[in-house]
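Each chain, written out:
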Amino acid sequence: MQFDKDMDGNFAELFLSIRDLILENNEVSEKLNVHQTSYFVAGRSICFLRSDAQKLVLALSFGYKLAEEYDFITGCGKIVRHWNFYTTESPDLVLIKELIAKSIMYAQEKSSHC
């Protein structure tokens, strides 16, 4: 599982810090798989975490909506955008919490329209 690799990797502390922020919301569920650790609300993905030797990636499921306001997230896909962390220094956890909160809001909005 990717979770095990993340826990043993160069970015383990950062991974755990961001994971803890995501799971602060009781509505969020976590799913482990071979490629990433995924987080969901109301059956909708909100974000994914994955690391390798060079970086930790926070992939935001509603990144295309967030990219207009947060120009540091990258990607050119149809929906997902990424925030790549290349150092193990603690990032702005308040900002991460804000991005997660907005992702949860978008997921809940999308679920209420189905």
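Presented here is a report on the structure given in the accompanying data block.

Parameters and conventions
Residue positions within a chain follow its written sequence, with the count starting from 1. With pLDDT at 70 or above as the cut-off, local features in this predicted model cover only qualifying residues; side-chain atom pairs require 80 or more to be listed or tallied, and sums for whole chains, interfaces and linings still use all residues. The side-chain values count all of the structure's non-hydrogen atoms but skip hydrogen atoms and water molecules. Each Phe, Tyr or Trp ring, with Trp reduced to its six-membered ring, pairs with another whose centre is within 6.5 Å; inter-plane angles below 30 degrees give stacked pairs, above 60 give edge-to-face pairs, and intermediate values give tilted ones. The rule is simple: take the accessible area with a 1.4 Å probe, protein chains only, and divide by the maximum for that residue type; under 20% is buried, over 50% is exposed, in between is partly exposed. A pair of strands is considered paired only if DSSP assigns at least 2 bridges between the two. For the purposes of this entry, the term helix denotes a DSSP run of H or I that reaches at least four residues, the term strand denotes a run of E that reaches at least two, and both are numbered from the N terminus.

1. A look at the packing of aromatic side chains
Step number 1: Counted by the stated rule, this structure contains 5 aromatic pairs.
Step number 2: Ring centres of Tyr70 and Phe72 lie 6.0 Å apart, and the angle between their planes is 70°; on these two criteria the pair is classed as edge-to-face.
Step number 3: Residue class for Tyr70 comes out buried when judged on its relative accessible area of 5%.
Step number 4: These aromatic residues form a ring-pair network of at least three members: Tyr70, Phe72, Trp83 and Phe85.

2. Quick word on the pairing of strand β1 (residues 29-32)
Working note: regular strand, side chains alternate between the two faces of the sheet.
Step number 1: By the bridge criterion, 4 bridges tie β1 to strand β2 (residues 37-41) in an arrangement that is antiparallel. Paired with Lys31 across the strands is Ser38, a residue of β2.
Step number 2: In this structure, the hairpin formed by β1 and β2 is closed by a connection of 4 residues.

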